[in-house]
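Structural description and commentary
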Amino acid sequence: MNATSITDAQTSINSAINSVSAGATSNNPGYVLLNAGIYNISGPIHLKSNVVLKGAGDSTIIFSNGSVCTSNEAPAYIYGLNVSNVEICNLQFQSTARGPQDGGHKGGRFCINLNSTNNSTVHDILFTPYLYCDGVRVEKGSNITVYNCRARTGHDGISFLLGSSNCRAYNNDIDIRVNTGIRVRDSKGIRLDHNTFYGLHGSGWCCTEMEENVSAEIDHNIFHDYRGLSGNAAVQPRHANGSVSVHDNVLWNVGNISMGSGSGNIMDPSDKNVNYWVLKGYGYGSIK
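All chains use their own residue numbering, which begins from 1 and follows the written sequence. The predicted nature of this model means local features are confined to residues of pLDDT at least 70 and side-chain atom pairs, given and counted, to a pLDDT of 80 or more, with totals for whole chains, interfaces and linings taken over all residues. Values reported for side chains reflect all heavy atoms of the structure, with hydrogen atoms and water molecules removed beforehand.

1. A short note on the side chain of D219
Tracing the chain through its elements places D219 in strand β20 (residues 206–219). Given the relative accessible area of 1%, D219 is considered buried. Pairs of N or O atoms are called polar contacts if they sit within 3.5 Å, as long as, within protein, a hydrogen donor faces a hydrogen acceptor (for residues adjacent in sequence, only side-chain-to-side-chain pairs). Side-chain polar atoms of D219 contact the side chain of H220, separated by 2.9 Å. Only heavy atoms matter for contacts: two residues are in contact if any of them lie within 4.5 Å across the pair. Setting aside chain neighbours within four positions, we find D219 in contact with R191, L192, D193, H194, H247, D248 and N249. Numbering of helices and strands runs from the N terminus, with a helix taken as a DSSP run of H or I at least four residues long and a strand as a DSSP run of E at least two residues long. Residue burial is assigned from relative accessible area. The probe radius is 1.4 Å, only protein chains are included, and a residue is buried under 20% of its type maximum, exposed over 50%, and partly exposed in between.

As structure tokens, this is what we get:
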């Protein structure tokens, strides 16, 4: 699909998704390819099972302003409800938000929302600063993987919520602007590994947030140079219980690991060069 700048692009993208989904299977998916350009949307792009939505990288821009994706029926720019075997990749998201006060609108404006979705991936996405809400929000999902993303969003960068299970976020670069880098709420079998968390913007709360009943493994991440408005913890509980293993991470100029047990965490190393630790197998860029 070609674009320089398409208004109401969701109409043509949804039509293409519906077309290629007919007869598509997990072993033979349908592809919707978005070339470089600006795709202006005024409503959500709806995912279908066994479809790959793929852009050309940062030059493929999904753009929306503050007037769309604000209801339960239209909670996200790209929305998957009760679908499986979908892939979203190689895109950039932009909005009109320009500061922390524009973000965190809660009930909508997520970039990608996967609800009751399984066996799906999101990767190689750029979420630009102060997008209105979460970059990737997974609710009641299973076997969802998020990797190679760069998040600077207006709420959570990535979230696994409300009964999600067996999900993983790895090799993501998360500059925390508002709230938290990755949130896990009432979800099981979650692994957060080889991510880099940071942000000296004076906004936000923590790098990773554990909420309600969780089981999670947090390993081989870099937590560095983070200060929020109301906190700075690397791992922060909120009404949380369950099992959280935090091991083999590198941390400097951040707050405490306030939940979880583990070993091998390197606190306040003498070498505070991110690239040095990436070469040692930690953080964003350490997995190719």
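2. What to know about the nonpolar core
One finds I88, F93, F127 and M210 to be the most contacted residues of the largest nonpolar core, which totals 62 residues. In terms of residue count, β20 provides more of this core than any other element does, 5 residues in total. Counting 6 residues, the second-largest nonpolar core is a separate cluster that includes V250, W252, V278 and Y282. Grouping buried Ala, Val, Leu, Ile, Met, Phe, Trp, Tyr and Cys residues that are joined through side-chain atoms within 4.5 Å yields what is termed a nonpolar core.

3. Regarding helix α1 (residues 9–21)
A rise of 1.5 Å per residue sets the reference length of α1, with its 13 residues, at 18 Å; its end C-alpha atoms lie 18 Å apart and thus fit the reference within 8%. Among all positions of α1, only A9, Q10, I13, N14, A16, I17 and S21 are buried. For α1, the buried positions fall inside an angular range of 160° around the axis, keeping them on one side. Opposite its buried face, α1 presents the exposed residues T11 and S19, each directed more than 90 degrees away. Phi turns positive, to about 85°, at G23, one or two residues after α1. Helices are assigned an expected span. That span is 1.5 Å times one less than the residue count. Of all possible arcs, the one meant is that of the directions from the helix axis to the C-beta atoms.

4. Digging into the environment of N221
Here N221 lies in the loop between β20 and β21 (222–226). Separated by 29 residues in the primary sequence, N221 and V250 place their C-alpha atoms 6.4 Å from one another. At 2.8 Å, the side chain of N221 forms a polar contact with the backbone nitrogen of N195.

5. Regarding the pairing of β21
The side chains of a regular strand alternate between both faces of the sheet. The element β21 is largely enclosed, with a buried count of 4 among its 5 residues. Judged from the 3 bridges that link them, strand β19 (residues 196–199) and β21 form a sheet pairing that is parallel. Looking at the pairing, G199 lines up with Y226 of β21. As judged from the 3 bridges shared by β21 and strand β23 (residues 250–252), these two strands associate in the parallel manner. Two strands make a pair as long as DSSP finds a minimum of two bridges between them.

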